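Descriptive analysis of the structure
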Amino acid sequence: MTSLGFLRHLRIGVKDLLRHKLRSFLTMLGVVFGVGSVVAMLAVGEGASSQALAEIRKLGSNNILLSSVKPAEEETQQRPSMMAVYGLLYEDDARLRETIPHVRRTVPARILRRDGALGERRVELRLVATTPDWFDLVRREIIAGRTLLRRDAERMAPVCVLTEAGARRLLAGAHSVGERVRIGSELFEVIGILRNESGGGAIETPDEELDAYIPLGVAQKLFGEVSVRHSQGSREMERVELHRIIVEVDAIDHVEKVASAIEAMLSRCHRKKDYRISVPLALLRQAETTKRTFNMVLGSIAGISLLVGGIGIMNIMLASVTERTREIGIRRAIGARRRQIVAQFLLESVVLSGAGGVVGLGLGVLIPKMITRFSGMPTVVPLYSLMLSFGISAAIGVVFGLYPAWRAAMLDPIAALRHE
Amino acid sequence: MNPSISVVHSNTDAPVEVIRLQGVSKVYRMESVEVRALTHITWSVRQGDFWAIMGASGSGKSTLLNLVGLLDRPSEGSYTLNGMNVADLDDDAMSQQRLLRLGFIFQSFNLIPQLSVQENIELPLFYRGWEAATCARRACELAEKVGLADRLRHRPAELSGGQCQRVAIARALANEPAVLLADEPTGNLDSRTGTQIMDLLVEMNQEGRTIIMVTHESDIAAYASCRLHLRDGRIERLEQGHP
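This structure is a prediction, so every number in the text was calculated from the model and none was measured.

Conventions adopted
- Residues numbered from 1 in each chain as written.
- Chains lettered and ligands numbered in written order.
- Predicted model: local features only at pLDDT ≥ 70, side-chain atom pairs only at ≥ 80, totals over all residues.
- Helix = DSSP H or I, 4+ residues; strand = E, 2+ residues; numbered from the N terminus.
- Rg over C-alpha atoms; globule rule 2.2 N^0.38 Å.
- Buried ≥ 20, exposed ≤ 12 C-beta atoms within 10 Å, placed from the backbone.
- Contact = placed C-beta atoms within 7 Å.
- Core = buried A, V, L, I, M, F, W, Y, C linked by C-beta atoms within 7 Å.
- Nonpolar A, V, L, I, M, F, W, Y, C, P; charged D, E, K, R; others polar.
- Pairing = 2+ DSSP bridges.
- Axes fitted to C-alpha atoms, helices over the stretch in contact; angles between N-to-C directions.
- Right-handed = clockwise from strand over helix to strand, strands pointing away.
- Parallel < 35°, antiparallel > 145°, perpendicular 65-115°, else oblique.
- Left-handed = near helix turned anticlockwise from the far one by under 90°.
- pLDDT = per-residue confidence, 0-100.

**Some thoughts on the overall build of chain A**
Helix and strand counts for chain A come out as 14 helices and 13 strands. On C-alpha atoms alone, chain A measures out to a radius of gyration of 33 Å, which is more than a quarter above the 22 Å that the 2.2 N^0.38 rule sets for 420 residues. Across its three principal directions, the C-alpha atoms of chain A cover 105 × 50 × 40 Å. Scored against the burial criterion, the 420 residues of chain A give a buried share of 40%. Restricting the contact set of chain A to residue pairs at least 6 apart, pairs at least 24 apart contribute 81%.

Structure (structure tokens):
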């Protein structure tokens, strides 16, 4: 068949479908919903994975995060006024770095809560006392000034790096670099401001919105190792050496092995489980698994819908073949070959399913938009999903149109001509 | 268009044999009962002949026309069309022969209702793979020939019976076939329109086209130059006209 013949068959097919608008539309519905849910499924999946990936990127996929956690039994056994001692130790940090292979470096951090004040403005900051390496592992854009440097630690310089959000709350800006901010009762020189990237996700990031970064040694000297928390009139004292240790592993393939080695080491050295290990990579894997489950559910809905749609098309095409038996007889008598009859009906079923596919694409683009609007779940409609699902809809037309078309072609011309 | 078809009148010295049936029988098997529709038909049609196949209903007229029209195959005997043994043709080749060498005209016109007059006439050209513009030009010519040039955009439902049959004739002529096969072409028409259609067929015959027409009316058969009388599937009588 020539391409011109193809176009004419196409025109005839479209015309015939337009003669039965309602019937054609109803037949299309199965494919519409099928294609719609394929696109929606891929959009939700893609959205979830791009979000997860973005979060993992914030954490760093080569990193392992250790946090100190107040052990559960401590709360009940000890009276609130007593000093609680728990958490990660400086020696954990050193041992980790020295004994576990594939660990490139570690970044210890103490976390304190102190009020920060600049002029009239006052805001509670999360003070992160750490080493300059922090900024290599938790990469954030520098808006103004610089991050902590090794010489700040060596000189025990009272300097701090603010976050964008913290700076805004203090009415500080790029111009504030070099000004002094009062943190607790001490004065710190602002040396830089960083872009915020924390928050918003399901995964905990190492940084928070209102962070202020200071050299670890300075914090030890100025604020000591004991933190006092006032709650409901009573004082709660805690002694925690390190609140966080970020471990950087040399290669992504070693991350899980190193994580289990750390787990083994810490469980040997700590009497209680007063730490938590979180592996962004494992979280990523988990997110992938969740996504896969979700996709399987949506995929089977789409599959069933497409199957039903296909059967609907087959049904209507069989009806159409019966209805047009005489026409088929006429065409055969005139000299149409079997394959030309097949082409005619196949094209018609493909037009039907393809049109369903196009409407389905519209639906599939709309549904994720609604999902994002009402649930806040991020969705991305990738181009390949549109092409894939349109391809599927066309394939449905071929697969389910083949049998009716074959039936039409195999009709005996004489019997077909006599058909009323 | 097929320029190789020469115009040969029935009274030319050496007429070409277009169709030859040799001992052709057709047996249908209906639920283990054998029905003999045709028995030992030996018949030849020369180029330019105008045959009427006559007989009572059930005498095998339509079966014979279907065999000659390559819509069916003989159970026994051989059928030669333009020197080709039909037994050697597969389904595609039979379709191709129907398309290029034969033109059908039916009692009930058999136009495709959803297509316009022009599209109906173009159908054989379309299956031949002609370009749309060439098809349209040819369809106009043919419509003009049968006197329907102003009806090209109409649907068959908007035409009278006589007009429908003219469209059918135009469609049958589209690929310049050697043989026109007409199955009771006037059966659904009043006598006046019937006469007009017959005049048109005679005109086609005078242009050199071979016509085989099935009819049970003797006044219609009188237009033909030769007559084949069938009774119970056998040839009862052959009348070869000598104009």
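**Details of the environment of A:Leu346**
Residues and elements named next belong to chain A. Note that Leu 346 resides in helix 12 (residues 338-375). When the 23 C-beta atoms within 10 Å are taken as the criterion, Leu 346 is described as buried. Taking the C-alpha atoms as reference, Leu 346 lies 9.8 Å from His 9; in sequence the two are 337 residues apart. Excluding residues within four positions of it along the chain, Leu 346 makes contact with Val 398, Gly 401, Leu 402 and Ala 405.

**Points about the nonpolar core**
One finds B:Trp51, B:Ile53, B:Leu181 and B:Ile212 to be the most contacted residues of the largest nonpolar core, which totals 116 residues. Look past the residues within four positions of B:Ile53 in its chain and what remains in contact with it is B:Lys61, B:Leu64, B:Leu65, B:Ile212, B:Met213, B:Val214, B:Leu228 and B:Leu230. Residues A:Val138, A:Leu170, A:Ile214 and A:Ile246 belong to the second largest nonpolar core, which totals 52 residues.

**Some thoughts on the environment of A:Ile304**
As for its position among the elements, A:Ile304 is in helix 10 (residues 280-323). Sequence separation between A:Ile304 and A:Gly34 is 270 residues; the distance between their C-alpha atoms is 7.6 Å.

**Quick notes on the interface of chain B and chain A**
With 20 residues of chain B in contact, the opposing surface of chain A contributes 19 residues. Put simply, the parts of the chain that give the side of chain B that touches chain A at least two residues each are helix 2 (91-101) and helix 3 (117-128) of chain B. Of the residues that constitute the side of chain B that touches chain A, the class distribution is nine nonpolar, six polar and five charged.

**Observations concerning the sheet that holds strand 3 (residues 50-54) of chain B**
Residues and elements named next belong to chain B. Pairing within the open sheet is mixed, and its six strands lie in the order 6-7-8-3-9-10. A strand with exactly one partner marks an edge of an open sheet, and here the two such strands are strand 6 (102-105) and strand 10 (234-240). Neighbour-to-neighbour, the strand axes of the sheet open up by a mean angle of 15 degrees, direction not taken into account. Pairing analysis gives five bridges linking strand 7 (residues 179-183) to strand 8 (residues 210-214), with the strands arranged parallel. Across the sheet, residue Leu 181 finds its bridge partner in strand 8, namely Ile 212. Strands in contact with helix 5 (residues 161-173) are strand 6 and strand 7; relative to strand 6, the strand with the most contacts, it is inclined by about 170 degrees.

**Notes on the pairing of strand 8 of chain B**
Looking down a regular strand, the side chains alternate between one sheet face and the other. All names here are of chain B. The buried fraction of strand 8 is high, at five of five residues. Alternating positions in strand 8 separate into two faces, Thr 210, Ile 212 and Val 214 on one and Ile 211 and Met 213 on the other, with burial throughout. Pairing of strand 3 with strand 8, which is carried by four bridges, proceeds in the parallel orientation. The partner of Ala 52 across the bridge, within strand 8, is Met 213. Each parallel crossover has a hand, and the one from strand 7 via helix 6 (residues 191-206) to strand 8 is right-handed.

**Structural notes on the packing of helix 12 of chain A against helix 13 (residues 383-410) of chain A**
All names here are of chain A. Between helix 12 and helix 13, the shortest axis-to-axis distance is 7 Å and the interhelical angle comes to 150 degrees. Judged on the interaxial angle alone, helix 13 and helix 12 are roughly antiparallel. Once helix 12 is placed against helix 13, the crossing between them reads as right-handed. Residues of the contact of helix 12 with helix 13, tallied by class, amount to 19 nonpolar, 11 polar and one charged.

**Things to note about the confidence of the model for chain B**
Residues and elements named next belong to chain B. Summarising the model, chain B shows a mean pLDDT of 90, and 93% of its residues fall at 70 or more. When mean pLDDT is compared element by element in chain B, strand 8 scores highest at 96, while strand 10 scores lowest at 90. Counted against residues more than four places away or in other chains, residues 1-12, with its pLDDT under 50, gives 20 contacts. Of the two predicted TM-score estimates for the complex, the pTM is 0.71 and the ipTM is 0.91.

**Some thoughts on unusual backbone geometry**
Residue and element names in this part refer to chain B. Within the chain, Leu 70 stands out as a residue other than glycine whose phi angle is a positive 60 degrees. The residue Leu 70 is located in the loop between helix 1 (61-68) and strand 4 (76-81) in this model. In this structure Leu 70 comes out as buried when scored by C-beta crowding, with 25 C-beta atoms within 10 Å. Positive phi outside glycine occurs at Asn 82, with the angle close to 50 degrees. Secondary-structure assignment places Asn 82 in the loop between strand 4 and strand 5 (84-85). Of the residues examined, Asn 82 has 15 C-beta atoms within 10 Å and is grouped as partly exposed.

**Focus: the confidence of the model for chain A**
Looking at chain A as a whole, its pLDDT mean stands at 84, while 92% of the residues score no less than 70. Element-level pLDDT for chain A is lowest in helix 3 (residues 72-77) of chain A, with a mean of 55, against a maximum mean of 95 in helix 11 (residues 325-334) of chain A.

**Describing helix 11 of chain A**
By the criterion of burial, helix 11 of chain A is predominantly enclosed, with eight of the 10 residues buried. By the burial criterion, the buried members of helix 11 of chain A are A:Glu327, A:Ile328, A:Gly329, A:Ile330, A:Arg331, A:Arg332, A:Ala333 and A:Ile334. As for helix 11 of chain A, its buried residues are in contact with helix 12, helix 13 and helix 14 (413-418) of chain A together with helix 2, strand 6 and helix 3 of chain B. The first or second residue beyond helix 11 of chain A is A:Gly335, which carries a positive phi of 130 degrees.

**Overview of the sheet that holds strand 1 (residues 17-30) of chain B**
Residue and element names in this part refer to chain B. The four strands are arranged 2-1-4-5 in an open sheet whose pairing can be described as antiparallel. Two strands close off the open sheet at either side, each with one partner strand: strand 2 (33-46) and strand 5. Inspection of the sheet shows strand 4 paired to strand 5 by two bridges, in the antiparallel sense. In the sheet register, Leu 81 faces strand 5, and the bridge partner there is Met 84.

**Section: the pairing of strand 8 (residues 186-194) of chain A**
Residues and elements named next belong to chain A. In terms of strand pairing, strand 5 (residues 142-145) meets strand 8 through three bridges, oriented antiparallel. Bridged to Ile 142 within strand 8 is Leu 194. Inspection of the sheet shows strand 6 (residues 159-163) paired to strand 8 by five bridges, in the parallel sense. Residue pairing in the sheet places Cys 160 in a bridge with Val 190 of strand 8. The pairing of strand 7 (residues 180-183) with strand 8 spans four bridges and is antiparallel. Across the sheet, residue Ile 183 finds its bridge partner in strand 8, namely Glu 186. Hairpin connection between strand 7 and strand 8: a loop of two residues separates the two successive antiparallel strands, and Gly 184 in this loop has a positive phi of roughly 65 degrees.

**Regarding the packing of helix 10 of chain A against helix 12 of chain A**
Residue and element names in this part refer to chain A. In the contact formed by helix 10 and helix 12, the axes pass within 11 Å of each other and the chain directions differ by 140 degrees. Where helix 10 crosses over helix 12, the two elements pack in a sense that is right-handed. Contact residues: helix 10 offers Gly 309, Ile 313, Met 317 and Val 321, while helix 12 offers Phe 345, Ser 349, Leu 352, Ser 353 and Gly 356.

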